[in-house]
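Working through the structure, step by step
The primary structure of each chain is shown beneath.
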Amino acid sequence: MDSHNPSLFDAQALEAPAALASALAPAAAPGHFDELRGSATPPGAPRQGTPSQPAALHDATSVPAAAEDDAAAREPAPLAPAWTGFFEQLGPGGFDDLPRRAASLERQIRDNGVTYNVYADANGPQRPWSLDLFPLIVSPASWAQIEAGLQQRVRLLDRVMADVYGPQTLLAEGLLPPALVQGHPGYLRAMHGVTPPGGTWLHIAAFDLARGPDGNWWVVSQRTQAPSGLGYLLENRLAITRQFPQAFESLNVQRLAATYHAMMEGLQRMCPAGQPPHIALLTPGPYNETYFEHAYLSRYLGITLVEGNDLTVRGERLYLKTLQGLRPVHGLIKRLDDPFLDPLELRPDSTLGVPGLLQAIRAGNVLVANMPGSGFLESPALLGFLPALARRLLGEKLALPALATWWCGERAAMEAVLPLLADCAIKSTYPAEDSHTSFDSVLGTRMDRRALDEWAGRIMRQPDEHTVQSYLPLSQMPTWTHDAERGHIAPRAVLLRCFAISDGPQSWRVLPGGLARLAGPDAQIASMQRGGSSADVWVQTLGEVDMTTLLQPQATPASLARHRAPVTSRAAENMFWLGRYTERAENAVRLARVTLDLLGGEDVSSRAVLSCLHQLAERNALVPRDVPSLPRSRRVFQRALIAELGDVATGGSVGFSLRCVRQAAAAIRERLSQDHWNQIVRAEADFLRRAAELAGEKGEAGYEAGAALRLLESASAALAAMTGAQTDRMTRDDAWRLLSIGRHIERLAFLSSTLAAGFDSGAVHEVAGFEAMVALFDSTITFHARYQQRRDVATMVDLLVLDGDNPRSLAWVTQTLRKRISRLAGSAPGKLTALSYELPDPDAWTLELLCEAGPEAGYGALVELCAACETAAYHVSDAIGTRYFTLTSESLRSVGA
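So, how was this worked out
As a convention, each chain's residues are numbered from 1 in the sequence order in which they are written. Only residues with pLDDT of 70 or above have their local features reported here, since the model is predicted, and side-chain atom pairs are shown and tallied only from 80 upward, although totals for entire chains, interfaces and linings are computed over all residues. Side-chain metrics rest on all non-hydrogen atoms present in the structure, leaving aside hydrogens and water. Numbering of helices and strands runs from the N terminus; a helix is a DSSP stretch of H or I covering at least four residues, while a strand is a stretch of E covering at least two. Three exposure classes are used, based on accessible area relative to the maximum for each residue type with a 1.4 Å probe and protein chains only: buried under 20%, partly exposed in between, and exposed over 50%. The protein chains shown are the only cover counted for residues, whose accessible areas, like all others here, come from Shrake-Rupley with a 1.4 Å probe. Any two strands with at least two DSSP-identified bridges between them are counted as paired. To obtain an axis, a line is fitted to C-alpha atoms, over the contacting stretch when the element is a helix, and the angle between two such axes runs from 0 to 180 degrees between their N-to-C directions. Regarding the arc, it is the one traced by the directions from the helix axis to the C-beta atoms. Only heavy atoms matter for contacts: two residues are in contact if any of them lie within 4.5 Å across the pair. Here the aromatic set is Phe, Tyr and Trp, taking the six-membered ring for Trp, and pairing holds for ring centres within 6.5 Å; pairs whose planes are under 30 degrees apart are stacked, those over 60 apart are edge-to-face, and all others are tilted. Over a ring means this: the NZ of a Lys or the CZ of an Arg is within 6 Å of the ring centre and within 35 degrees of the ring normal. Our angle categories are set so that under 35 degrees counts as roughly parallel, over 145 as roughly antiparallel, 65 to 115 as roughly perpendicular, and the remainder as oblique. The crossing is said to be left-handed when, going from far helix to near helix, the turn is anticlockwise and less than a right angle, and right-handed when the turn is clockwise. Here the term charged refers only to Asp, Glu, Lys and Arg, the term nonpolar to Ala, Val, Leu, Ile, Met, Phe, Trp, Tyr, Cys and Pro, and the term polar to all other amino acids, Gly among them. Polar contacts, as used here, are pairs of N or O atoms within 3.5 Å; protein pairs need one atom able to donate a hydrogen and one able to accept it. Residues neighboring in sequence count only if both atoms are side-chain atoms.

1. Examining the overall build of the chain
- Of the regular secondary structure elements, the chain holds 29 helices and 22 strands.
- Here the chain, with 897 residues, has 58% of them falling under the buried criterion.
- When the accessible surface of the chain is totalled, it reaches about 35800 Å², and 51% of it is carbon and sulfur.

Structural data, given as structure tokens:
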């Protein structure tokens, strides 16, 4: 075996797992704190890494994995007590069981659908959340330092916001430069003079911490607009404790639920009105990189997940648009950056916010966590001014220091720091702001003299835009790394994100845990957006573990009614279209298969049948409108049909419908099971991949009907699985009823127009056309079992129009639609609503009436009925959109105001 990579599994002579870990786990890089051993690696020790992978700096860098020959040459230090206890609790399997646990963890993350979309792409795949097997363990002494320091810092930041949007004493006294406040795009003049509910500006604040070689923690940055991590750290905790339950119990790790419970109670007490108040979580939508967290957190807290177009402001009050009408919203946890909140007063191009929201906030009618206008607090330049602000506002010295920071907008600070650039990080004063020079942080230790001089010139030309922060070697924690063998322990640089949470007016507590972010072995940035990883954070306590839970021990009918989440108009609309597009895709697949089957046969010579097929294919977007007519050029038509199958850019065929299914499902991802979502994603991806392969083949084989039929057969099976999930695995609430209504509207329109086309063209009077019509109604087996060799119009009408037990007959679809619409409107069982009467009444249909006008009259009564069904289907669709989705009709009513 390679001596540079000692295997954990060849050292069974060492009986104690902790001793085995100490012997085989590489130490941290020289000069960095080793979380595994609880001490810094001596600076004089052999250097880890290579010249091309130097040691790293706080939030912008990562120390590469150690060169294992150097690590092996050093005498390993003993493990920290917490890590000794952790490894001693591995159980009988010991280290041999770690590969199995790592595989189990990956499977759990995948099965739970935990994702993080790296620079999310609407058409791209979702990236599974990256979580390491080992947690970061924080001792009680370290946590006491962190907790006290962060409670003080969040109090200070809240006071700063209160002053900046109030008397502005700090600006008048020169303790804050106006360029960092009023010159910052995150400062919102519209919020000046506002008094927040409960007198609290900040309800959730995140702080990124790094551990120095001395073992002390330092603040690197702070996030206040919409800090992420509160949902992911919950999922991390559940996943890791499932892998190491004995270690979690034995190390006396503090639980998390009590802090979330306190946060919700605090928000409810501070909400301006409502008993109980209605609180929602505002998300940018499913294409945001952290959307999984938004959905997960809203479910965990038991609050409504909403997007901007779910909400409306009426009379300076915020309302949620639901199927039952407008429901007041009293509190909003926002996961949306401030500029996008209100297109009336902030960014006019924002489609993510709520017009009029700032006016509702100024009127004191809604609590927003955090209050808009905190963006200026996130500037790294502000860190250098906080010590003086703490003395002025709190009369205290900061208990938890930040890294030394210089804002180059002050001439003295710029002149002092320019000679130090080689040992510092250079950051943008206004990161991610379009109106200012914005750039990624760079590390002076990675630059040569020429590059340093170039950066010095940039700083001198635009000093306000640059902030310089001192160097800090990041601590390194043990991580589990896969390799060609079974895996090994490797140190990786870690940043700790902690959260200060408001639990009442002017009161905060620090969540006893956090989100550890790990830089990759070859990466330079510890960022989830750039492919980094995460780890759970175990905070040990010397006292009792708080066993608070968010579960309600005793449910009452009233509490159950309160916790029944309303169906928002946006979710309802997407469920409706999910149903329509699923049915549309099924119809397109069936029509394409029937058409290709008929064109591949030798008995299709009837002009009526060919004309009918062409009409249906063109109407359902299976072929372009300019394709030659089927009777004139059968081969060209067939090629066009196959080529259109996977065209999602300009076509409207099967691939396009599957894309629409996936997009509608993505907008309501939180309502779908993981299996259902996986079916939808796989169906689209597999179909488009195989369609592209089919279209890319050369010569005649590129349009080979047999391959296209196999592709359509596979798509039909996938759609059948989706239909099963929608039919049998979803709760029958109003959202599901809208999905079902959407499917049946689409089915009624397709079947009625198809039957009318068959009679108008006379195709149904041909054997091939008759069989094709029965197949398009998906009723071939039933027809032949019931009528055997008969092929007359009466049998067709009996089964495809009048049969109340055939889910593909016009009577069954119409009757089902009438009942579902009535149930949606809340009518008494068996009682129809006005909208239900817009659909024809199947009880009035008779075989004699529909067949009375025979072939000579073209079965006029039957064709008229088909036209009436199609028209009614689209009319009902429009009426549902007006009444339940846009709320622009008589449904403009407030529920519970």
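2. What about the sheet that holds strand 11 (residues 331-334)?
- If you walk across this open sheet you meet the four strands as 7-6-11-12, and the pairing is parallel. Every interior strand has two partners, whereas the edge strands, strand 7 (304-306) and strand 12 (367-369), have only one. Between one strand and the next, the sheet's axes are offset by a mean angle of 25°, whatever the strand orientation.
- Across three bridges, the pairing between strand 6 (residues 279-282) and strand 7 is parallel. Paired with Leu281 across the strands is Leu305, a residue of strand 7.

3. Quick look at helix 13 (residues 386-393)
- Leu386, Leu389, Ala390 and Leu393 are the residues of helix 13 that are buried. Angularly, the buried residues of helix 13 cover 105° about the axis, an arc narrow enough to put them on a single face.
- Buried residues in helix 13 make contact with helix 5 (140-164), helix 6 (169-172) and strand 5 (217-223).
- Of the residues trailing helix 13, Gly395 is marked for its positive phi of about 65°.

4. Quick notes on the packing of aromatic side chains
- A complete count under the given rule lists 27 aromatic pairs for this structure.
- Between Trp129 and Tyr232 the ring centres are 3.9 Å apart and the planes differ by 5°, which places this aromatic pair in the stacked class. Here Trp129 is found in the loop between helix 4 (98-111) and strand 3 (136-138), whereas its partner Tyr232 is found in helix 8 (residues 232-243), with 103 residues between them in sequence.
- Taking the ring centre of Trp455 as reference, the NZ or CZ of Arg458 above it sits at 4.4 Å.
- In this arrangement the basic side chain of Arg732 is found over the ring face of Trp736, its NZ or CZ atom lying 4.2 Å from the centre.

5. Examining the sheet that holds strand 15 (residues 442-443)
- Across the sheet, which stays open at both edges, the four strands sit in the order 13-16-14-15 with antiparallel pairing between neighbours. Where the open sheet ends on each side, the last strands, each with one partner, are strand 13 (405-407) and strand 15.
- Summarising the sheet, strand 13 and strand 16 (residues 466-470) pair through three bridges and their orientation is antiparallel. Bridge assignment links Trp406 to a residue of strand 16, and that residue is Val468.

6. Description of the packing of helix 17 (residues 569-600) against helix 19 (residues 634-644)
- It is at 11 Å that the axes of helix 17 and helix 19 come closest, and there the two elements cross at 150°. Relative to helix 19, helix 17 is oriented roughly antiparallel. The chirality of how helix 17 crosses helix 19 is left-handed. Where helix 17 abuts helix 19, its residues Ala592, Thr595, Leu596 and Leu599 lie against Arg634, Phe637, Gln638, Leu641 and Ile642.
- Considered class by class, the residues forming the contact of helix 17 with helix 19 number six nonpolar, two polar and one charged.

7. Some remarks on the pairing of strand 5
- The buried fraction of strand 5 amounts to five of the seven residues, a majority that puts the element mostly inside the structure.
- One ladder, built from six bridges, connects strand 4 (residues 204-211) with strand 5; its direction is antiparallel. Looking at the pairing, Leu209 lines up with Val219 of strand 5.
- Two successive antiparallel strands, strand 4 and strand 5, enclose a turn made up of five residues, where Gly215 displays a positive phi of approximately 90°.

8. So, the side chain of Arg659
- Assignment of secondary structure puts Arg659 in helix 20 (residues 654-667).
- Of the polar contacts made by the side chain of Arg659, one reaches the side chain of Glu684; its length is 2.2 Å.

9. A few points about the side chain of Arg255
- Tracing the backbone through its elements, the reader meets Arg255 in the loop between helix 9 (245-250) and helix 10 (257-270).
- In this structure the side chain of Arg255 is engaged in a polar contact, spanning 3.1 Å, whose partner is the side chain of Glu249.

10. Concerning the pairing of strand 20 (residues 515-518)
- Where burial is concerned, the two faces of strand 20 agree: the one with Leu515 and Arg517 and the one with Ala516 and Leu518 are both buried.
- The pairing of strand 18 (residues 488-504) with strand 20 spans four bridges and is antiparallel. The residue bridging Leu495 from the neighbouring strand is Arg517, located in strand 20.

11. Quick notes on the environment of Ala585
- Examined against the element boundaries, Ala585 turns out to sit in helix 17.
- The exposure class assigned to Ala585 is buried, which follows from its relative accessible area of 0%.
- A sequence separation of 69 residues divides Ala585 from Val654, and the C-alpha atoms of the two residues are 5.6 Å apart.
- Ala585 has contacts with Ser657, Leu658 and Leu719, leaving out every residue within four places of it along the chain.

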